[in-house]
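So you can see what is in the structure, the chains are spelled out below.
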Amino acid sequence: MKVGDVPAVPEWLAGHLREDGIEELYPPQAAAVERGVTEGESLVASIPTASGKTLIAELAMLASVARGGTALYIVPLRALASEKQREFEQFEAYGLTVGVSTGNYESDGDWLATCDIVVATSEKVDSLVRNGAGWLDDLACVVADEVHLVDDAHRGPTLEVTLAKLRQLNPSLQTVALSATIGNAAEIADWLDAELVDSDWRPIDLRTGVHYGQALHFDDGDTRELAVRSSERPTAAIARETLDEGGSTLVFVNSRRNAEAAAKRLAGVTGEALTPDEEERLETVAEEIREVSDTETSDDLAACVERGAAFHHAGLARDHRSLVEGAFRDRLIKLVSATPTLAAGVNTPSRRVVVRDWRRYDGTVGGMAPLSVLEVHQMFGRAGRPGLDPYGEALLLANSHDELDELFERYVWADPEAVRSKLAAEPALRTHVLATVASGFAGSREGVLEFLDRTLYAAQTTEPGRLEHVTDNVIDYLVVNDFLERTGDDLTATSLGHTVSRLYLDPMSAAEIVDGLRGASAPTAMGLYHLVCRTPDMYELYLRSGDREEYTMLAYERESEFLGAMPSEFEDGRFEEWLSALKTARMLEDWASEVDEERIAERYGVGPGDVRGKVDTAEWLLGAAERLAGELDMGVAPAVREARVRVQHGVKEELMDLAGVRGVGRKRARRLFDAGVETRADLRAAEKPVVLAALRGRRRTAETVLENAGREDVSMEGVTPDPDAAPAES
Ligand code: ADP
């Protein structure tokens with residue numbers, strides 16, 4: 001089907017696509033159009049990675065916007081929201097408006113009502129529904145990206161419930177669900193009353209196989225020799241061979257540490273193959289990487305990049321990730337070693353993909369567990385850049401002949417699994433049942449069950465009583481903890497319940513926080529950090545071997561600060577959790593005491609991205625605690641506020657005011673303070689040479705900071721830094 005033949009889309013689209021080199025729809029795209037995706041039909045598209053799912057979504061959204069509606073695109077990860085936003089912004093040239101909504105759970109996002117296309121995570125959409133965002137009633141089209149993630153125990157239930165709610169709000173809503181190839185796409189289509197395109201077509205040939213010994217064994221029975229030098233590992237040999245052919249390699253490993261180690265090792269291979277021009281351009285990228293943050297990870301990454309290799313994992317800062325992805329797409333970086341996060345969504349095709357580790361640590365089994373076929377096929381799917389490579393090649397690595405056979409059986413020839421709803425778990429239902437009642441989707445036990453009947457779980461379950469049983473437990477919990485009120489058959493949310501639902505807290509977190517705050521009179525920051533770290537909304541740091549002793553000691557030393565009773569050492573599981581929370585809380589305390597980010601990362605064995613992640617979560621939870629304290633008229637709200645502001649900016653109490661000025665931040669605030677500029681008001685009155693010196697002579701920065709502090713005359717022209725106020729070199 002030619003792009004000009006697609007019905008119901010805006011007239012300009014065909015020309016726009018042609019400009020991008022797209023003349024003709026890919027067969028699955030054409031099938032989607034034939035099933036009516038541009039005419040308001042709901043559709044499930046289950047097609048391989050990199051086979052053009054995004055365009056299907058775009059066709060559906062543009063057609064519904066052309067009919068006067070709003071379209072919503074739900075992404076599974078925040079990191080993908082900005083990528084999709086950038087992609088859709090190409091339509092702004094034709095008068096469309098694109099908005100993205102990810103952070104700040106508690107807001108109704110009124111401004112989004114003016115957008116034609118909104119990009120948001122499922123958590124954010126769920127929260128918009130809870131906050132009664134009116135524009136959601138007028139939604140014409142919703143796209144769920146990576147819908148196979150309903151299978152994910154952690155995030156799946158939210159996506160599932162959110163889709164059910166949106167469809168209840170507007171029964172004629174068009175639902176377009178995009179999925180990797182899965183075993184039960186027809187079942188998903190049934191659940192969503194949608195048409196189905198289920199295809200394994202790919203725009204570029206994919207050969208899959210397994211490396212063993214000196215040979216690559218392919219799915220079509222072919223084998224090819226691979227020259228492995230002595231003392232060389234197979235991945236290095238594969239990368240070298242790919243480089244010789246002018247291609248790039250993407251290596252999937254099972255942990256961040258392994259990703260970093262592999263990149264460092266393989267940089268030896270890529271480094272040999274660079275041209276002087278590439279070296280120069282890579283040097284620039286490395287510089288940009290170093291500028292993002294002043295940490296060991298940043299230095300390590302830059303050092304790899306200078307030699308044409310990089311690692312990529314969720315512990316990296318967002319800017320690091322996008323620099324790496326960009327340079328890899330530009331074929332400047334020749335090899336990336338990544339944890340599986342990269343497979344899900346980020347568009348980084350590569351000539352070759354090596355799935356080096358097919359097992360990874362799984363906390364629920366307490367050991368190594370094999371990856372799913374679905375995951376491995378998604379990684380495979382990143383192989384081959386249409387138009388650039390003759391074909392893509394994806395390989396697993398075997399250490400023995402038996403493993404060679406096993407990998408063929410398990411992954412190469414296997415079909416992907418069916419996805420299964422994970423909704424019937426108590427933590428998922430706890431939050432969703434409360435929200436369902438609080439935002440008016442149900443007003444009784446029967447109503448709740450009726451609502452849940454629209455979920456995938458209900459469509460799939462073979463255990464009819466189970467959902468009902470868990471729902472009853474959850475309702476009891478919510479009533480006992482004062483989030484719901486039961487009168488006869490009726491259920492209503494209490495004022496506390498409404499607040500908790502709008503704050504997007506797990507009710508169990510809210511209960512823990514309320515309990516902790518009730519007993520407190522003058523809580524310390526540590527006490528509050530520990531309290532929020534104990535809630536199920538915070539992922540605690542792991543206790544490593546040797547940690548138990550250290551944190552047990554700390555627990556006794558600071559026992560008086562904790563809010564709520566410390567479990568006894570003999571309650572093994574609970575005590576252990578208390579200590580994990582303590583470790584996490586001490587990390588926050590370090591951060592709020594201006595300890596260097598790099599030192600924190602080192603001390604706790606995490607990446608800088610993780611420090612920020614915990615800080616963000618703590619800020620959000622403390623904000624929620626502040627609201628709950630206010631709501632329940634507890635006198636501790638100011639103490640909570642102080643703990644929150646300190647964690648937000650990563651500063652001691654004395655810097656809270658200064659660090660709140662936009663553009664200042666923890667390091668600059670400290671330098672200003674040490675130079676005698678101690679508050680926002682001081683900034684307005686301070687001698688310019690002093691401010692300039694404290695800001696290391698950066699004129700533009702100084703001007704911005706003064707402006708943000710509300711000063712009128714901000715020009716730094718002709719000002720020289722006062723040498724007495726210059727910060728000591730750290
Ligand atoms: P998916 O979302 O399925 O992983 P994408 O939508 O990211 O895949 O598409 C992969 C690439 O294919 C993109 O670079 C896109 O521009 C390109 N593409 C999509 N449809 C077509 C088409 N009909 N013709 C040529 N290229 C296309």
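Residues numbered from 1 in each chain as written. Predicted model: local features only at pLDDT ≥ 70, side-chain atom pairs only at ≥ 80, totals over all residues. Heavy atoms only, no water.

Of the regular secondary structure elements, the chain holds 31 helices and 19 strands. For 730 residues, the compact-globule estimate of 2.2 N^0.38 gives 27 Å, and the chain sits close to it at 27 Å. C-alpha atoms of the chain, sized along the principal axes, occupy 75 × 70 × 60 Å. Every one of the 730 residues in the chain was classed for burial, and the buried ones make up 55%. Put simply, 69% of the contacts in the chain that link residues at least 6 apart link residues at least 24 apart. Of the roughly 30,900 Å² of accessible surface on the chain, a fraction of 45% belongs to carbon and sulfur atoms. (Helix = DSSP H or I, 4+ residues; strand = E, 2+ residues; numbered from the N terminus. Rg over C-alpha atoms; globule rule 2.2 N^0.38 Å. Buried < 20%, exposed > 50% of the residue type's maximum accessible area, 1.4 Å probe, protein only. Contact = heavy atoms within 4.5 Å. Areas by Shrake-Rupley, 256 points an atom, 1.4 Å probe, with all protein chains shown as cover.)

Further remarks concern a negative patch on the surface. A grouping of D294, E296, D299, D596 and E602 is seen on the molecular surface, where their side chains present a negatively charged patch. Within the secondary structure, D596 is located in the loop between α23 (572-591) and α24 (597-604). (Patch = residues over 30% accessible without salt bridge, like charges linked within 9 Å, V, L, I, M, F, W, Y side chains within 5 Å. Salt bridge = Lys/Arg side-chain N within 4 Å of Asp/Glu carboxyl O. Lys, Arg positive; Asp, Glu negative; His and termini not counted. Charge placed at Lys NZ, Arg CZ, Asp CG, Glu CD.)

Turning to the sheet that holds strand β17 (residues 392-397), a few remarks are in order. Across the sheet, eight strands lie side by side as β10-β9-β8-β17-β14-β11-β13-β12; this open sheet has mixed pairing. Both edges of this open sheet fall to β10 (223-225) and β12 (309-312), since each of them pairs with a single strand only. The average undirected angle you get between the axes of adjacent strands in this sheet is 20°. Taken together, the three bridges between strand β9 (residues 215-218) and β10 define a ladder with antiparallel strand orientation. Paired with A215 across the strands is E225, a residue of β10. Contacting β11 (249-252), β12 and β13 (335-338), helix α9 (residues 256-271) crosses the sheet at an angle of about 165° to β12. The sheet contacts of helix α12 (residues 318-329) involve β11, β12 and β13, and relative to β12 the element is tilted by about 135°. (Pairing = 2+ DSSP bridges. Axes fitted to C-alpha atoms, helices over the stretch in contact; angles between N-to-C directions.)

Here the focus is the site of the ligand. The local shell around the ligand holds 14 residues, among which E24, Q29, A50, K53 and T54 are the closest. Contact distances for the ligand include 2.9 Å between a nitrogen atom and a side-chain N or O atom of Q29. At a separation of 2.7 Å, an oxygen atom of the ligand approaches a polar backbone atom of A50. Coverage of the ligand by the protein amounts to 73% of the 570 Å² it exposes when considered alone. Residue contributions to the shell around the ligand peak at three residues, all from helix α3 (residues 53-66). Across the shell around the ligand, the residue classes tally to six nonpolar, six polar and two charged. (Near = heavy atom within 4 Å. Polar contact = N/O pair within 3.5 Å; in protein donor to acceptor, adjacent residues only side chain to side chain. Nonpolar A, V, L, I, M, F, W, Y, C, P; charged D, E, K, R; others polar.)

This paragraph deals with the packing of aromatic side chains. The tally for this structure, following the rule as stated, stands at eight aromatic pairs. Each ring, one from F441 and one from F451, has its centre 5.9 Å from the other, and the planes form 50°; the classification is tilted. With F441 in the loop between α15 (426-438) and α16 (445-452) and F451 in helix α16, this pair connects stretches of sequence that are ten residues apart. Residue F441 is classed as buried on the basis of its relative accessible area, which comes to 11%. (Phe/Tyr/Trp six-rings, centres within 6.5 Å; stacked < 30°, edge-to-face > 60°.)

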